[in-house]
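What follows is each chain in one-letter form.
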Amino acid sequence: MTKETKGTYYITTPIYYPSSNLHIGHTYCTVMADAMARFKRLSGYDVHFLTGTDEHGQKIQKKAEEEGVTPQEFVDKVVDGIKKLWATMEISYDDFIRTTEPRHIKRVQEIFKKMYEKGDIYKSVYEGLYCTPCESFWTESQLVDGKCPDCGRPVEKADEEAYFFRLSEYGDKLLDLYEQHPEFLQPDTRRNEMKAFINQGLEDLCISRTSFDWGIPVPIDEKHVIYVWLDALSNYITALGYPDEPELYNKYWPADVHLVGKEIVRFHSIIWPAMLMSIDEPLPKQVLGHGWLLIDGGKMSKSKGNVVDPVVLIERYGIDALKYFLLREYTFGQDGIFTNEVMLKRMNFDLANDLGNLVSRTISMIEKYCDGIIPPAETEDDIDKELKDLAVSIASKVEAQMDKFSFNLALEEIWTLVRRANKYVDEKEPWILAKEEETKDSLNTCMHNLAECIRIIAILIYPFMHTTTDKIWEQLGYTDEVCWEDAEVFDKLKGQKVNKGQVLFPRLDIEKELEELEALKGTPKEENIPLELKPEITFDDFAKIDLRVGTIMAAEKHPNADKLLVFQVKMGTETRQVISGVAEHFKPEEMIGKNVIVVANLKPRPLRGLESKGMLLFAENGERLEIVTTTAENGNGVN
Ligand code: MSP
């Protein structure tokens, strides 16, 4: 049956950083987007669901260097894993965009050029506070306790030639947008945060970097690469072919919804609309900010060893149980705490006890009392009518909740029917009806009604747990295409032959599962947290330093200063005096004979009456100070 479409529906997830494997928090966002995409398709929309990976930037470049591979090799491997995860979870995306794909690169360059031609991009010098892990610049006033407001790590001063986008010109236009279209940014709290942010005054946005090269070259100046957010945000239209192949773009843009986590709402509701205004393109209809899944009240992190791996959970409990839990447990827009115990309880109570039990007992009874054939309804009493009325009323309630992205309440509506149907079995006591010939009609009605409820439930859960729908379909011996409107009718199944299948959701031994999950955690993995460093220097800065190998020929205390040691250092043909403030850490005699590294071209300076020509390298090791030594030949002065 071909359905008439209700129009198009374009939904996106953020494009994930392939810096390591995705965890349950990322999975949460994609599962929500998938449920919405499936729901809209089922309701008759022509859906385009986009996800992908955000592969450029300094962080990825550094990770690749650490692993001794090229950035491309590094991301290829991680992206492969991400795609496998989505395939295992049967995520129904229509397109997967990688920012390293040629189609994206050339289109981002086009977008940059359009913004430049509009006069919205100019070259200047950036002096700012930069958080390397977040790849974000911050103003002094945005810092929290002097640190990055997103991740709490130290920021560093950055000063370099860069291109800027005139974001400051767009503050009023953005405020107008929020005023005229409050639905553009939801929930309301997020919009209020963004208004406050804009009211502080928007600064122009630095959109290029020269300090690393893993990025899309600025089309008008190849020394620069495009700063990651301009690159990343563009994915929502480059994937549709903007600007050179506009067919899909014209069909699906503007997006109906960008689903994003709360910390990246700012980029999507300020930078992204401003970029689109700059290139004179329509704005997305909605940006929706969801909350985070937290563990022990904090974010998941590898160093804490509390990252929840979706692959482990899928292997143990199946994709539908995991998806059900994520969608049922958490309230959209709010943070939620993830614990294994809450997850296992949901799986047992809602899935094994409620849904699984309803399906299994109904099919068994139809086999036992009706030779496996779903009978017609012969009679109807008040209880039958109440059940039937409830069953056909749920679809519209689910629609109302889905309109608000309230996945949990949509599922709650469905479960009122699951629970009511189970209660109906207890009230009707079919095992008693089956004993007498004169109650045969009531028994048939009871079996029919239960089968119809299961059919309706199978349709309603399809957006959330489609593989369970397929299994229920099989057990009902039903072959019709899953069709949302069929959840509002109650007489589709007469004469169908049922097939008892496998248990949908096995009961879990919660204690045992908890122990096993705990054991699987293993030892916390080390996270690569960047060191607190002084402001970055360029290679050219570094190249100015002349480092030489020297040997300490003599060492003594400075006659006029307790903290200073005076060394005579031989470097090839020259022996010179170098003074260091390390007397508290070293005895003079233990330094003699050491092969050291000397900063040989440091401007000489007098220290308490003696001249120091150069500097020896030391490194802090906790409380201790270590002298940097080398195994190079004695005092040969090589560099
Ligand atoms: N690459 C950027 C997004 C660019 S979109 C044009 C990025 N990537 S990310 O991999 O760090 O995060 C992607 C999404 O995952 C974000 O929306 C983020 O909120 C979400 N989550 C990451 N950890 C999360 C939880 N613990 N809980 C819920 N969502 C979380 O940001």
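Notes on the structure follow. Here the structure is a predicted model, which means the values were calculated and not measured.

## Some words on the overall build of the protein
So, step 1. When helices and strands are tallied, the protein shows 21 helices and 24 strands.
So, step 2. The C-alpha radius of gyration computed for the protein amounts to 33 Å, which surpasses the reference 26 Å derived for 639 residues by more than 25%, pointing to a less compact arrangement than a globule.
So, step 3. Counting all 639 residues of the protein, 53% fall into the buried class.
So, step 4. Restricting to contacts in the protein with at least 6 residues of sequence separation, those with at least 24 account for 75%.
So, step 5. Total accessible area computed for the protein in this model is approximately 29300 Å², and 49% of it derives from carbon and sulfur atoms.
So, step 6. If the 77 positive side-chain charges of the protein are averaged to one point and the 109 negative ones to another, these points end up 3 Å apart.

## Some thoughts on the environment of E161
So, step 1. The residue E161 is located in strand β6 (residues 156–165) in this model.
So, step 2. For the pair E161 and T629, spaced 468 residues apart in sequence, the C-alpha separation works out to 37 Å.
So, step 3. Of note is the side chain of E161, whose polar atom sits 3.4 Å from the side chain of K223.
So, step 4. A polar side-chain atom of E161 sits 2.7 Å from a polar atom in the side chain of H224.

## Some words on the nonpolar core
So, step 1. Within the largest apolar cluster, 114 residues are counted, with the highest numbers of intra-cluster contacts made by F407, I414, W415 and F464.
So, step 2. The dominant element in this core, judged by the number of residues it contributes, is helix α13 (residues 340–370), at 13 residues.
So, step 3. Among all residues touching F464, those that are not within four sequence positions of it are A35, K323, L327, M402, F407, A410, L411 and I414.
So, step 4. Among the nonpolar cores identified, the runner-up in size contains 56 residues, and I111, Y170, L174 and W272 belong to it.

## As for the site of the ligand
So, step 1. Residues in close proximity to the ligand total 22 residues, the closest being I15, D54, G261, E263 and L293.
So, step 2. D54 places a side-chain nitrogen or oxygen 2.7 Å from a nitrogen atom of the ligand.
So, step 3. Separating an oxygen atom of the ligand from a side-chain N or O atom of E263 is a distance of 2.8 Å.
So, step 4. Taking 670 Å² as the accessible area of the ligand by itself, protein coverage stands at 94%.
So, step 5. Counting only elements with at least two residues in the shell around the ligand, the list comes to β1 (8–16), α1 (24–42), α7 (228–233), α8 (235–238) and β12 (257–261).
So, step 6. When grouped by side-chain class, the residues that make up the shell around the ligand number twelve nonpolar, eight polar and two charged.

## Side note on helix α3 (residues 71–88)
So, step 1. Over its 18 residues, α3 runs 26 Å from end to end, which matches the ideal 26 Å to within 8%, given 1.5 Å per residue.
So, step 2. What α3 keeps buried is the set P71, F74, V75, V78, V79, I82, L85 and W86. End-on view of α3: buried residues confined to an arc of 115°, all on one side of the axis. Turned more than 90 degrees off the buried face of α3, the exposed positions are K77, K84 and A87.
So, step 3. Lining the buried residues of α3 we find β1, α1, β2 (46–53), α2 (58–67), β3 (95–98) and α11 (310–317).
So, step 4. One or two positions beyond α3, positive phi appears at E90, with a value near 50°.

## Comments concerning the sheet that holds strand β22 (residues 615–616)
Across a sheet, strands are paired by hydrogen bonds formed along the backbone, either parallel or antiparallel in direction.
So, step 1. Read across the open sheet, the five strands follow the order β18-β17-β16-β19-β22; overall the sheet is antiparallel. A single partner strand is all that each edge strand has here, and the edge strands are β18 (574–580) and β22.
So, step 2. Bridge count between strand β19 (residues 595–599) and β22: two bridges; the pairing is antiparallel. Note on β22: the bridge partner recorded for V599 is M615.

Rules used throughout
Counting from 1, residues in each chain are numbered in the order their sequence is written. Side-chain atom pairs in this predicted model are given and counted only at pLDDT of 80 or more, local residue features only at pLDDT of at least 70, and totals for whole chains, interfaces and linings cover all residues. For side-chain calculations, the full set of non-hydrogen atoms in the structure is used, while hydrogens and water are omitted. For helices the rule is a DSSP run of H or I covering at least 4 residues; for strands it is a run of E covering at least 2, with both sets numbered from the N terminus onward. Both definitions apply: the radius of gyration is a C-alpha atom measure, and the globule rule equals 2.2 Å times residues to the power 0.38. Three exposure classes are used, based on accessible area relative to the maximum for each residue type with a 1.4 Å probe and protein chains only: buried under 20%, partly exposed in between, and exposed over 50%. Any pair of residues with heavy atoms lying within 4.5 Å of one another is described as a contacting pair. Computed with the Shrake-Rupley method and a 1.4 Å probe, the accessible areas treat only the protein chains shown as cover for residues. His is not counted here, nor are the chain ends, while Lys and Arg score as positive and Asp and Glu score as negative. Charge positions come from single atoms, namely NZ of Lys, CZ of Arg, CG of Asp or CD of Glu. Any pair of nitrogen or oxygen atoms within 3.5 Å is treated as a polar contact; in protein, a donor-acceptor pairing is required on top of that, and neighbouring residues in sequence qualify only through side-chain atoms on both sides. Residues belong to a common nonpolar core when they are buried Ala, Val, Leu, Ile, Met, Phe, Trp, Tyr or Cys residues joined through side-chain atoms within 4.5 Å. If a single non-hydrogen atom of a residue is within 4 Å of a molecule or strand, that residue counts as near it. Nonpolar residues are Ala, Val, Leu, Ile, Met, Phe, Trp, Tyr, Cys and Pro. Charged residues are Asp, Glu, Lys and Arg, and all others, Gly as well, are polar. Here the expected span of a helix is defined as 1.5 Å times the quantity of residues minus one. Taken from the helix axis, the directions to the C-beta atoms give the arc we talk about. At least two bridges found by DSSP between two strands is the condition for calling them paired.

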